[in-house]
Each structure stands twice: as structure tokens, then as C-alpha cells.
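# Close look at the chain arrangement
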Amino acid sequence: MKTVLTIAGSDCSGGAGIQADIKTITMHYCYAMSVITALTAQNTTGVYGIEQTSDEFIANQLDCVFTDIFPDAVKIGMVYGNNSAKVIADKLNFYKAKNIVTDPVMVSTSGSRFISEQGLENLKKYLLPISALVTPNVPEAEILSGINIKNIQDMQNAAKIISDKYGCAVLCKGGHLEDCSDDLLYSDGEFYTYHSVRIDNPNTHGTGCTLSSAIASNLAKGFAIPQAVENAKAYVTKAIGVKLDLGKGRGPLMHNYILQNFK
């Protein structure tokens, strides 16, 4: 069994963060491990509190994972503390971690900020350069590239800028575009466009977490980045398409839709 480590924040309502990651990794028949960077009090209606994990304890968790069950891939999500990105990068470099997928989580759908300015600078300086793939949405790609994104051509320009600057493949997610929801991958000098029909379902809480974890799981299983993205997008599309309806706000995906025949 392949092993995948998620480094992210906890979502007590189960739709995003560590909880979504573990569900996704499990549904890909991989063994999930977790390093928690922060605790959040949140649900489908918003984020109501965040408690940071100390850098020392993050490092302790990473040591425990890597010295016992070495991960075949690593997914990085919410990195809340000012210096947490450097601590994580130092450990990943020390253990020569592979197949690192970074989802540069900055702001929640409800508008809560998930990273400080110093934390963002350290994310860019230490984590992006060691990542195999970075998966920003449009607002995040605008911050990382420094350009406005309105269409696919802008996404191509932004992805290339980010890739050239940090030396990683870039998947620019198009869910925020007005005319389509296509995703754009730039990897090894090639562009790949993944066409998606926009599903009429407001319940998309944790989509970014789920996608990046699915990609990491596919990389752990040996797929190249373009195929890993394609496989992961197919999984996420089905998890949204089931139209699970839980909570009073923007609800979660049905990560375990594959098990519907066992209910």
C-alpha cells in the first residue's frame, strides 16, 4: 500500500483540511498520515476560530512520521504560522521527501485569512521551490504571479510565471473564472487544459483540499503529473456531482461516493 502524508489544518466539520485529505487518500487506496499545522473551529457557514500548532510540535510530528512510515507523497495545505513553512521545508529537505503537492491556501471561501503576510513570504521562499506541483486557484495564482487573471490565456501566463520563478509544475484552477471552470496545468514546458462542465451544486466546501490530496495519492501510485491531475479531477467531479447536501451553508463533497453500493 502506498503512503501519503497531509500537512494541513484541521476542519472540525469534516469537509476540508486534514479530514477531507484523509478521506480522499483512503478512497484512493493509500495509507493516510497527517501533520496538523492548526486547529480551526469552522463549519459550512464559516470559520470561527483558529489555534496555531507550535513550530516545535509540527517538527516533532514530522519526525515521527518520516522515521517510521516514509510517505510516497506529501500534500501541503494550510500553513498558518509565520515560520511554519520554513520548519516544514527544513524537515522535508532533511528527509528527502518526494512528490510534494502544495495547495497554497490563503483565504477561506467565507473570507477568513489562513496565512499571515510573513507566512506567505516563507511559503513562497521555502515550500514552493521544493514542490513538484503547486495548485493555486485564480486569486492565489494572481498573488503568486503578480498578474490579473480573467481567462485561459491569463492562466497560461500566470502558470508559466509561477513555474519559472519557483521551479515547479503549476495547476491553475479555473473555478473562479466567469466563462468556464477549466483547469490549466503547466508541467515540463507543456500546457495541459482540463475541461470541466460547471456542476450546478453550491456544496463545494473543501474542493481544493480534496483535489490536491487526490493528486498526491495518484503521484504516490506512480502516475506522472498530467495523468495524476486528470485522475484526481475525475474523482472530484464525481464527488461534487453526487450533490450531497449537509449543513446550513456551503456543504462538503461526498468523498466516499464509491461506497454508495454498500449503504
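To be clear, the structure that these remarks concern was listed above.
What you see is a predicted model, and the numbers here were worked out from it, not measured in a lab.

## Brief notes about the sheet that holds strand 8 (residues 183-187)
- The strand order 3-2-1-4-5-6-7-8-9 describes an open sheet built from nine strands, whose pairing is mixed. Each edge of the sheet is formed by a strand with only one pairing partner; in this case those strands are strand 3 (46-52) and strand 9 (190-194).
- With two bridges joining them, strand 6 (residues 133-134) and strand 7 (residues 169-172) adopt parallel strand pairing. Its bridge partner being in strand 7, Val 134 is matched across the sheet by Val 170.
- Across the sheet, helix 2 (residues 55-66) touches strand 1 (3-11), strand 2 (31-43), strand 3 and strand 4 (73-76), and the angle it forms with strand 2 is around 155°.

## Details of helix 6 (residues 152-166)
- The terminal C-alpha atoms of helix 6, which comprises 15 residues, lie 21 Å apart, in line with the 21 Å expected from a rise of 1.5 Å per residue.
- Taken residue by residue, helix 6 has Asp 154, Met 155, Ala 158, Ala 159, Ile 162, Ser 163 and Tyr 166 as its buried positions. One side of helix 6 holds all its buried residues, which, seen down the axis, span an arc of 160°.
- Each element contacted by the buried residues of helix 6 is listed here: helix 4 (117-127), helix 5 (138-145), strand 7 and strand 8.
- Residue Asn 151 occupies the N-cap position of helix 6, its side-chain oxygen lying 3.2 Å from the main-chain nitrogen of Gln 153.
- Of the residues trailing helix 6, Gly 167 is marked for its positive phi of about 75°.

## Examining the packing of helix 1 (residues 17-27) against helix 7 (residues 207-220)
- As a packed pair, helix 1 and helix 7 sit with axes 9 Å apart at the nearest point and diverge in direction by 40°. Taken together, the axis directions place helix 1 and helix 7 in an arrangement best described as oblique. As for how helix 1 packs across helix 7, the hand of that crossing is right-handed. Here Gly 17, Ala 20, Asp 21, Thr 24 and Ile 25 of helix 1 lie close against helix 7, whose contacting residues are Cys 209, Thr 210, Ser 213, Ala 214 and Ser 217.
- Partitioned by chemical class, the residues of the contact of helix 1 with helix 7 number four nonpolar, five polar and one charged.

Parameters and conventions
Residues numbered from 1 in each chain as written. Predicted model: local features only at pLDDT ≥ 70, side-chain atom pairs only at ≥ 80, totals over all residues. Heavy atoms only, no water. Pairing = 2+ DSSP bridges. Helix = DSSP H or I, 4+ residues; strand = E, 2+ residues; numbered from the N terminus. Contact = heavy atoms within 4.5 Å. Axes fitted to C-alpha atoms, helices over the stretch in contact; angles between N-to-C directions. Expected span 1.5 Å × (residues − 1). Buried < 20%, exposed > 50% of the residue type's maximum accessible area, 1.4 Å probe, protein only. Arc of directions from axis to C-beta. Polar contact = N/O pair within 3.5 Å; in protein donor to acceptor, adjacent residues only side chain to side chain. Parallel < 35°, antiparallel > 145°, perpendicular 65-115°, else oblique. Left-handed = near helix turned anticlockwise from the far one by under 90°. Nonpolar A, V, L, I, M, F, W, Y, C, P; charged D, E, K, R; others polar.

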